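# Inside the fold
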Amino acid sequence: MWKFFNDKAKDKKPYISLDMNNIPKHIGIIMDGNGRWAKERKLPRTMGHRAGVEAIRGIVKECDKIGVKYLTLYAFSTENWKRPKDEINALMRLLVEYLKKEIAELHENNVVVNTIGDISKLPRICQNELKNAYEKTKNNSGLILNLALNYGGRDEIVRAVKLLYKDIKEGKVLEEDIDEDTISNYLYTAGMPDPDLIIRPSGEKRLSNFLIWQCAYSEFWYSDIKWPDFNGECLHEAIYDFQNRDRRYGGIK
Ligand code: FPP
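The numbering scheme is per chain: residues are counted from 1 as the chain's sequence reads. Reporting in this predicted model follows two pLDDT cut-offs: at least 70 for local features of residues, and 80 or more for side-chain atom pairs to be given and counted; totals over whole chains, interfaces and linings ignore these cut-offs and use all residues. With hydrogens and water excluded, all non-hydrogen atoms of the structure serve as input to the side-chain values.

Per an unreviewed UniProt entry, the protein chain is named Isoprenyl transferase, and its organism is Clostridium liquoris. Checking UniProt for the protein chain, the heading Subunit (unreviewed entry) contains the comment "Homodimer." Per UniProt, the protein chain carries the Sequence similarities (unreviewed entry) text "Belongs to the UPP synthase family." UniProt positions are given in the numbering used here, feature names are shortened, and annotations may be inferred rather than shown by experiment.

Printed below as a string of C-alpha cells:
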C-alpha cells in the first residue's frame, strides 16, 4: 500500500467523481511551472523542482489508485540542456534522490519504472539508478511510469527513422510493409497505447516537443496551476473534463 503522501486530500472536499469505466489508459504530463512557483515564493528555482518532485509522488499514487495504466512525465527535454549548469545538475541530483528514495515503495506498489529518451547522455549515476529501477520493477504488472529524460519528440522520430533504415537495409522490413504502426514500433513508446490525455499546468499552451507522433488524437487539458501545486484534485478535474469530451478521431458520431 502507498504511504500517505504529501497531498492534502484529507483536508479538502472530496475529489470530483469519475466514470471508472472511462479512465484514460495513458496520461502524459508536461510538468511546467516549477521555476515560476519558486519565484513567487522568493525561493531558488531548484526549490521549485524539489516541490515538483513532491507533486510527482502524489500524482503517481493517484494514477495508480484510479487505474491509469501508463503515466508519462516530461522530466527533462532535449532542449533543457540549454539551462544553466547548476540547474541541470540540481535536476539530475533530484532524479537520483527520487529514485533512491522511492524505488522500494514504487516496487511494492507494482509500478514499472521505465524511461523514454536518450539516457546515455545523462550523468553515469543517473543512468545506473534508472537501470536499477527498471531491472527491479520490469516484471511488475501495475502502473507503467515513463520518465521522459533527455527526450524530444523530433529526436525520437529521427532515431526511429535511422533504426528503420537499418532494418530495411538488412532486409528485415520491406518498404511496402511500412505503415503507421511500423513507425510507432520504432519509437521509445513501442507497444504502448498513444496518450489519451495530455496535461500541461502553468498556463502555457504548447506541446514543446512532447510525444509529437503519439499525440495525434490526444485530448489536451491546460491549467494555470503550477506543477508543484498540481494534486489529486487537479488530476480528477482533468480526467473529468476528458470524460466529457467527444472523441471522434476524424469521424462522425
Ligand atoms: C519545467 O518547469 C520543469 C522541468 C524542466 C523539470 C521537471 C522536473 C521535475 C519536476 C523534477 C525532477 C524529475 C524527476 C523525475 C525526479 P520550469 O523550470 O520550466 O518552470 P518555469 O517555466 O516556471 O520556469
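Below, the discussion takes up the nonpolar core. In this structure, Ile27, Ile29, Val60, Leu71, Leu147, Ile199 and Leu235 are the most contacted members of the largest nonpolar core, which totals 48 residues. Only DSSP runs of H or I covering at least 4 residues are called helices, and only runs of E covering at least 2 are called strands; the numbering of each starts at the N terminus. Of the residues forming this core, the biggest block, ten residues, is contributed by helix 3 (residues 85-108). We call two residues contacting when some pair of their heavy atoms lies within 4.5 Å. When sequence neighbours within four positions are dropped, the list of residues in contact with Leu235 reads Ile27, Ile59, Glu62, Cys63, Ile66, Ile199 and Phe230. The term nonpolar core refers to a set of buried residues drawn from Ala, Val, Leu, Ile, Met, Phe, Trp, Tyr and Cys, joined through side-chain atoms within 4.5 Å. Buried, partly exposed and exposed residues are distinguished by accessible area as a fraction of the type maximum, computed with a 1.4 Å probe on protein chains only: under 20%, between the cut-offs, and over 50%, respectively. By size, the runner-up hydrophobic cluster in this structure holds ten residues, among which are Ile30, Tyr74, Ala148 and Tyr151.

Quick look at unusual backbone geometry now. Backbone geometry at Asn110 places phi at a positive 75°, although glycine is not the residue there. Relative to the assigned elements, Asn110 resides in the loop between helix 3 and strand 3 (112-116). For Asn110, a relative accessible area of 28% corresponds to the partly exposed category.

So, about the layout of surface pockets. Where empty space is left in the structure can be found by rolling a water-sized probe over the atoms. The computed volume of the largest pocket comes to approximately 740 Å³. Those elements giving two or more residues to the lining of the largest pocket turn out to be helix 1 (34-40), helix 2 (45-66), strand 2 (70-77), helix 3 and strand 4 (144-151). Gly is placed with the polar residues, together with every amino acid not listed as nonpolar (Ala, Val, Leu, Ile, Met, Phe, Trp, Tyr, Cys and Pro) or charged (Asp, Glu, Lys and Arg). Here the lining of the largest pocket is composed, by residue class, of 15 nonpolar, eight polar and eight charged. Buriedness for pockets is judged along seven lines, at least five of which must meet protein on both sides within 12 Å for an open set on the 1 Å grid over protein atoms alone, while cavities are sets there where a 1.4 Å probe fits but cannot get out, and lining residues have an atom within 4 Å of a point. Grid points are joined across faces, edges and corners, and a volume is the space filled by probe spheres set on the points.

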